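Given next are the chains, with one letter for each unit.
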Amino acid sequence: MAVHDVVIVGGGNAGISLAGRLRRLGARDVAVVSPDPVHRYRPLLNYVAGGQASMSRLTRPTASVVPGGCEWLPDRAVAIHAHDCEVELDSGEHIGYRDLVIASGLEPDLDATPGLAEAMEAGWSANAHLSSLAEDTWEAIRGMTRGRAVFTIPPEPSPCGGTALKPLFLACDYWREQGVLDKIEVHLLTPYRSVLDIPFADRRLEPILRGFGITVHHGATVASMDHRERTVTLRTNDADQVLADVQRAFVVPRYRAPAWLAPLAGEGTGGLVDIDPTTLAHRRLPRVWSLGDVAAVATRPSGGALRRQVEVLAANIRASRLSQPLRSYDGYTIIPITVDRRRLLLAEFDRDGTPAPSVSWIDLTVPRRALWAFDRYVEPVIYYRALLKGRV
């Protein structure tokens, strides 16, 4: 059985960028377990759905993004045997570790919303969160000239759920440019009491929603869908409500942690890996760590949150081996939201929802063209050339 210095389960942003950072800190043997043959820069999926990017711009072979000196194991983890310091793979092989990091991300739970899988298969429903449907989302937006459209923000846990507003605003601005927005009745379902339950960001978003004429259903999730009847049933604390005659349903699925991680979850974590949200160390299992969407970090997931988590976790693995004090992650996260096809705002905050701006000389919650250009064109370059290599 092979034994590695650090085993990272997951080959997304969290796993690859952490592997790069660990190598730069001197880790000699880092193995990344991921069955996916391709790696995607997921934030660009929203721009694919909005007709502003192509899938080829966000996709790379996994082998090309695994940092030098790290080993990629193209297999799926199916169990953790923490007492033996082993990971069991789908092939039946066991690999050992000195430190283990769970960065597997979440899985879409289509069955949690009755009718959603069938609606997607029929082409009536699409969304930007699933890479297989991002291009279909743009085709649906581009082809719509009248009728009723439903968009959703998914409930937590979800991979950067707040960015589900991006396709909504990109679509509405496109329809306005085409002169058909007044013929389309747009509904937004949000699970929050306000738009995102982030007051300083909601103050910017609410006038934009009103300007597009969007009907917002607060505290609402999708209870069920019927693509044959073209209905979306939304659930609130008060009662269920049926939206009929829906031409397109841009519904983001619910998400869940992989079932095989259940032994690593804890009470009240909703199936997420039970870690100390400040140190990112597992509360019960020594030498086990986690970060990203699958970790109970008590903040909203995002790529910006991962940058801070990667920095803290890599330092803490090193510090734990040297019996030094561990660093703390304050829950910083960021939600970039396009408000039209050329402007974007940034909502930066900590796990308490308190604003945590990265710069003090400019208010990044004000929608700006420069922020849109940076998010669309500059960030993907930084991601592939620096972040995944552990440089930022």
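Nothing here was measured: the structure is a model prediction, and the numbers come from that model.

**Some points on the overall build of the protein**
And then number 1: What the protein contains, in helices and strands, is nine helices and 20 strands.
And then number 2: Summarising its shape, the C-alpha atoms of the protein cover approximately 65 × 50 × 40 Å along the three principal directions.
And then number 3: When burial is assessed residue by residue, the protein has 56% of its 392 residues classed as buried.
And then number 4: Nonlocal contacts in the protein, meaning residues at least 24 apart in sequence, comprise 65% of its contacts between residues at least 6 apart.
And then number 5: Of the side chains in the protein, 45 bear a positive and 45 a negative charge, and the two mean positions are spaced by 8 Å.

**Some points on the environment of arginine 343**
And then number 1: Among the structural elements, arginine 343 can be located in the loop between strand 19 (333-338) and strand 20 (344-349).
And then number 2: Spatially, the C-alpha atoms of arginine 343 and glutamate 311 are 30 Å apart, while their sequence positions differ by 32 residues.
And then number 3: The contact partners of arginine 343, leaving out residues within four places of it in the chain, are Ile337, Thr338, Pro367, Arg368, Arg369 and Trp372.

**Quick notes on the side chain of aspartate 99**
And then number 1: Tracing the sequence through the fold places aspartate 99 in strand 8 (residues 94-102).
And then number 2: Look past the residues within four positions of aspartate 99 in its chain and what remains in contact with it is Asp5, Val6, Val7, Arg287, Trp289, Ile317 and Arg321.

**Topic: the sheet that holds strand 10 (residues 147-152)**
And then number 1: Strands sit in the order 12-11-10-16 across an open sheet of four strands; the sheet is parallel. The sheet is open, and its two borders are formed by strand 12 (215-217) and strand 16 (246-250), each paired with just one other strand. The average angle at which neighbouring strand axes cross in this sheet is 20 degrees, direction not considered.
And then number 2: Strands in contact with helix 6 (residues 165-177) are strand 10 and strand 11 (184-189); relative to strand 11, the strand with the most contacts, it is inclined by about 170 degrees.

**As for the environment of aspartate 75**
And then number 1: By the element assignment, aspartate 75 lies in the loop between strand 5 (70-73) and strand 6 (77-81).
And then number 2: Given a relative accessible area of 16%, aspartate 75 falls into the buried group.
And then number 3: The spatial distance from the C-alpha of aspartate 75 to the C-alpha of proline 37 is 9.9 Å, given a sequence separation of 38 residues.
And then number 4: In contact with aspartate 75, not counting residues within four places along its chain, are Val33, Ser34, Pro35, Leu89, Asp90 and Ser91.
And then number 5: At 2.7 Å, the side chain of aspartate 75 and the side chain of serine 91 are in polar contact.

**Focus: the pairing of strand 6**
And then number 1: When strand 6 meets strand 7 (residues 86-89), the two strands line up antiparallel, connected through four bridges. Among the inter-strand pairings, isoleucine 80 is bridged to a residue of strand 7, identified as valine 87.
And then number 2: From the end of strand 6 to the start of strand 7, which pair antiparallel, there are four residues, and cysteine 85 there has a positive phi angle of about 55 degrees.

**Structural notes on the packing of helix 1 (residues 13-24) against helix 8 (residues 303-321)**
And then number 1: Contact geometry of helix 1 with helix 8 gives a least axis separation of 9 Å together with a crossing angle of 40 degrees. The angle between helix 1 and helix 8 falls in the class oblique. As helix 1 runs across helix 8, the sense of the crossing is right-handed. Contacts from Asn13, Ala14, Ser17, Leu18, Arg21 and Leu22 in helix 1 reach Gly303, Leu306, Val310, Glu311, Leu313, Ala314 and Ile317 in helix 8.
And then number 2: Here the residues of the contact of helix 1 with helix 8 sort into eight nonpolar, three polar and two charged.

**So, the packing of aromatic side chains**
And then number 1: Throughout the structure, instances matching the rule amount to eight aromatic pairs.
And then number 2: For the pair tyrosine 383 and tyrosine 384, a centre-to-centre distance of 5.1 Å together with 90 degrees between the ring planes defines the contact as edge-to-face.
And then number 3: On the basis of relative accessible area, tyrosine 383 is assigned to the buried category, the value being 4%.
And then number 4: In textbook terms, an aromatic cluster arises when at least three aromatic residues are bridged by ring pairs, as seen for Tyr41, Tyr383 and Tyr384.
And then number 5: Its end group placed over the ring of tyrosine 384, arginine 60 keeps NZ or CZ at 4.3 Å from the ring centre.
And then number 6: Just above the ring of tyrosine 332 sits the side chain of arginine 308; from NZ or CZ to the centre is 3.9 Å.

Reading the values: the criteria
Residues numbered from 1 in each chain as written. Predicted model: local features only at pLDDT ≥ 70, side-chain atom pairs only at ≥ 80, totals over all residues. Heavy atoms only, no water. Helix = DSSP H or I, 4+ residues; strand = E, 2+ residues; numbered from the N terminus. Buried < 20%, exposed > 50% of the residue type's maximum accessible area, 1.4 Å probe, protein only. Contact = heavy atoms within 4.5 Å. Lys, Arg positive; Asp, Glu negative; His and termini not counted. Charge placed at Lys NZ, Arg CZ, Asp CG, Glu CD. Pairing = 2+ DSSP bridges. Axes fitted to C-alpha atoms, helices over the stretch in contact; angles between N-to-C directions. Polar contact = N/O pair within 3.5 Å; in protein donor to acceptor, adjacent residues only side chain to side chain. Parallel < 35°, antiparallel > 145°, perpendicular 65-115°, else oblique. Left-handed = near helix turned anticlockwise from the far one by under 90°. Nonpolar A, V, L, I, M, F, W, Y, C, P; charged D, E, K, R; others polar. Phe/Tyr/Trp six-rings, centres within 6.5 Å; stacked < 30°, edge-to-face > 60°. Lys NZ or Arg CZ within 6 Å of the ring centre and 35° of its normal.

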